[in-house]
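# Tertiary structure, described
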Amino acid sequence: MTSERRVWLSRLRLENFRNYESLELELENGLNFFHGPNGSGKTSLLEAVSYLAVARSLRGANDGEVVRWGESGFGVGGRVETGDGSTNVVVRYARGGRKEATVDGDELTRLSELVGSLRVAWFCPEDTWITKGGPAERRRLIDVALCQIDRSYLSALVEYRRALRQRNEALSAWTPDEESDRLVAVWTQRLVESGSRVVGARLRFLPLYRKAVKAAHAAIAEDEGIDLVYRGSFPAGDEEGGASDENVKRRFNEALSRAASDERRRGFTLVGPHRDDVEVRVGGRPLRTFGSQGQHRTAAIALKLGEAAVLDEDGRGVVVLLDDILSELDDRRGGSLVDLVGRYGQALVTSTRPAPPGFLTGAASAEFAVGGGEVTRT
């Protein structure tokens, strides 16, 4: 593993989370290896960590789905080491109630205030859907990374989604009268204000992310190069000098003006960052169209490694969550991947098998057996 990072998770506490009634776990600032049979609760541990980072499941589950059977809510707590000390983070959810987060006992006004304090990157075998699936999969990857790096981006994204929802309702109910036009215009202005910040931030982020993905891909693939191309629903400008929010705003307005009649006829918004894509190209060709299974797997790993790299760009550290990814790799390649992610910070790795020889060589490493709602250090 790598040198220690300043921000990492030293303790994890669960209450009525998935199959865990109660659990308290001490972690190492290095490699933490969890092994156990399928369905034993290994992935649930990683999912709990994602709640401490972004106040929701990066597995894609609804809050109610992670409550232990027969219980009314769950709690996830953690001690986050910051280099200057430690903070205690708790996220709680009650069925029919609300979700709340506290830091050192003080309740946060908004859950979004938690995002970015503990950065995480999640790897799993299903990550090939990032490259095989539709644009929403790739937008989500970029959005999750940017939200953890820049809270103003999270604010812009939340504002945009609200404006989009309201504008779509106004378009759906539109009739040819002044009141309908006024309502659409109000939400159009808010859509453009927040949407231009979203697109501009994505375009400015892409060169850094592309560089990290290229480096990761070169380390795990032979010969073929990888590239990322932003495919916007309107010509927003280039990444070098044309991605300022003002330039994007002007072009967004122009695109909405061109689409106005179509939008009123169809009843929803046709252009904006909710329809954009990041095309992945391998060997100069679109991966989604021409890629083999092996190329998709390698590219997905490179995309996630690139995410971890940019999250650690400032040296704060990122908690890398590797969920059963080693099952698709031999021991040598699995070891190389673990070493690679270890450069970015703490790693939590799950597997159906015990750690292969040589995996746990560093002092800051530990292995745990998972089963029956319990986790035991071995």
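Quick look at the structure, then. Since the structure is predicted, the reported quantities are computational estimates derived from the model, not experimental observations.

## Remarks on the nonpolar core
Within the largest apolar cluster, 113 residues are counted, with the highest numbers of intra-cluster contacts made by L12 and Y209. No other element matches helix α5 (residues 178-220), which puts 13 residues into this core. Residues within four places of L12 in sequence aside, it is in contact with L23, E24, L25, L27, L45, A48, V49, L52, V76 and G77.

## Side note on the layout of surface pockets
Within this model, the largest pocket holds a volume of roughly 680 Å³. Lining the largest pocket are 30 residues, with L58, R59, W122, C124 and E126 positioned closest to its centre. Residue assignment for the lining of the largest pocket shows that the elements contributing at least two residues are α1 (42-54), β8 (120-123), α2 (129-132), α3 (135-149) and α8 (293-311). Broken down by element, the lining of the largest pocket gets its largest block of residues, four residues, from α3. Its residues assigned to classes, the lining of the largest pocket comprises 10 nonpolar, nine polar and 11 charged.

## Remarks on the sheet that holds strand β15 (residues 374-377)
The strand order across the open sheet built from six strands is β8-β12-β13-β3-β14-β15, with neighbouring strands paired in mixed fashion. Looking along the sheet, the strands with just one partner apiece sit at the ends: β8 and β15. Sheet twist, expressed as the average angle between the axes of neighbouring strands with direction ignored, equals 20°. Sheet topology note: the strand β3 (residues 31-35)/strand β13 (residues 347-351) ladder contains five bridges and is parallel. Paired with H35 across the bridge in β13 is S351.

## Some points on the pairing of strand β1 (residues 8-17)
Burial runs high along β1: seven of the 10 residues are buried. Bridge count between β1 and strand β2 (residues 20-26): six bridges; the pairing is antiparallel. Residue pairing for β2: R13 is matched across the bridge by E24. What sits between β1 and β2 in their antiparallel hairpin is a turn of two residues, with R18 showing a positive phi close to 55°.

## Topic: α5
Between its terminal C-alpha atoms α5 stretches 59 Å, which fits the 63 Å expected from 43 residues at 1.5 Å a residue. A bend of about 35° at L206 is the largest found in α5, and the proline P207 appears one to four places after it.

## Re the pattern of salt bridges
Per the counting criterion, the structure on display carries 30 salt bridges. With a shortest N-O distance of 2.8 Å, R138 and D277 are connected by a salt bridge. Separated by 139 residues along the polypeptide, R138 in helix α3 and D277 in strand β10 (residues 277-282) bring together distant segments of the chain. The exposure class of D277 is buried, given its relative accessible area of 15%.

## A few points about the side chain of R119
Within the element layout of this structure, R119 appears in the loop between β7 (106-107) and β8. Residue classification places R119 among the buried residues on the basis of a relative accessible area of 7%. A distance of 3.2 Å separates a polar atom in the side chain of R119 from a polar atom in the side chain of D314.

## As for the sheet that holds strand β9 (residues 226-231)
Think of a sheet as strands paired side by side through backbone hydrogen bonds, with each pair either parallel or antiparallel. Here three strands make up an open sheet; going across it, the order is β9-β10-β11 and the pairing antiparallel. The open sheet has two free edges, formed respectively by β9 and β11 (285-286), since each of these has just one partner strand. By the bridge criterion, two bridges tie β10 to β11 in an arrangement that is antiparallel. Across the sheet, residue R281 finds its bridge partner in β11, namely P286. Contacting β9 and β10, α5 crosses the sheet at an angle of about 170° to β9.

## A look at the packing of aromatic side chains
Across all of its chains, the model carries seven aromatic pairs by this definition. Seen in terms of ring centroids, F34 and F368 are 4.7 Å apart; in terms of plane orientation they differ by 15°. Their pairing is stacked. Taken as a pair, F34 in strand β3 and F368 in strand β14 (residues 365-371) lie far apart in primary sequence, 334 residues in all. Comparing F34 with F368, the two get one shared label, buried.

## As for the side chain of K304
Its location among the elements puts K304 in helix α8. Of the polar contacts made by the side chain of K304, one reaches the backbone oxygen of W122; its length is 2.8 Å. Among all residues touching K304, those that are not within four sequence positions of it are W122, F123, D127, I130 and L141.

## Quick notes on the packing of α3 against α5
At their nearest, the axes of α3 and α5 sit 11 Å apart, and the two run at 95° to each other. Classified by the angle their axes make, α3 and α5 are roughly perpendicular. Where α3 approaches α5, its residues R139, L141, I142, D143, A145, L146 and I149 are matched on the opposing element by A201, R202, F205 and Y209. Of the residues that constitute the contact of α3 with α5, the class distribution is eight nonpolar, no polar and three charged.

Analysis parameters
Residues numbered from 1 in each chain as written. Predicted model: local features only at pLDDT ≥ 70, side-chain atom pairs only at ≥ 80, totals over all residues. Heavy atoms only, no water. Core = buried A, V, L, I, M, F, W, Y, C linked by side-chain atoms within 4.5 Å. Buried < 20%, exposed > 50% of the residue type's maximum accessible area, 1.4 Å probe, protein only. Helix = DSSP H or I, 4+ residues; strand = E, 2+ residues; numbered from the N terminus. Contact = heavy atoms within 4.5 Å. 1 Å grid on protein atoms, 1.4 Å probe; cavity = no way out; pocket = protein on both sides within 12 Å on 5 of 7 lines; lining within 4 Å. Points joined across faces, edges and corners; volume = space filled by probe spheres on them. Nonpolar A, V, L, I, M, F, W, Y, C, P; charged D, E, K, R; others polar. Pairing = 2+ DSSP bridges. Axes fitted to C-alpha atoms, helices over the stretch in contact; angles between N-to-C directions. Expected span 1.5 Å × (residues − 1). Bend = angle between axes of the 7 residues up to and from the residue. Salt bridge = Lys/Arg side-chain N within 4 Å of Asp/Glu carboxyl O. Polar contact = N/O pair within 3.5 Å; in protein donor to acceptor, adjacent residues only side chain to side chain. Phe/Tyr/Trp six-rings, centres within 6.5 Å; stacked < 30°, edge-to-face > 60°. Parallel < 35°, antiparallel > 145°, perpendicular 65-115°, else oblique.

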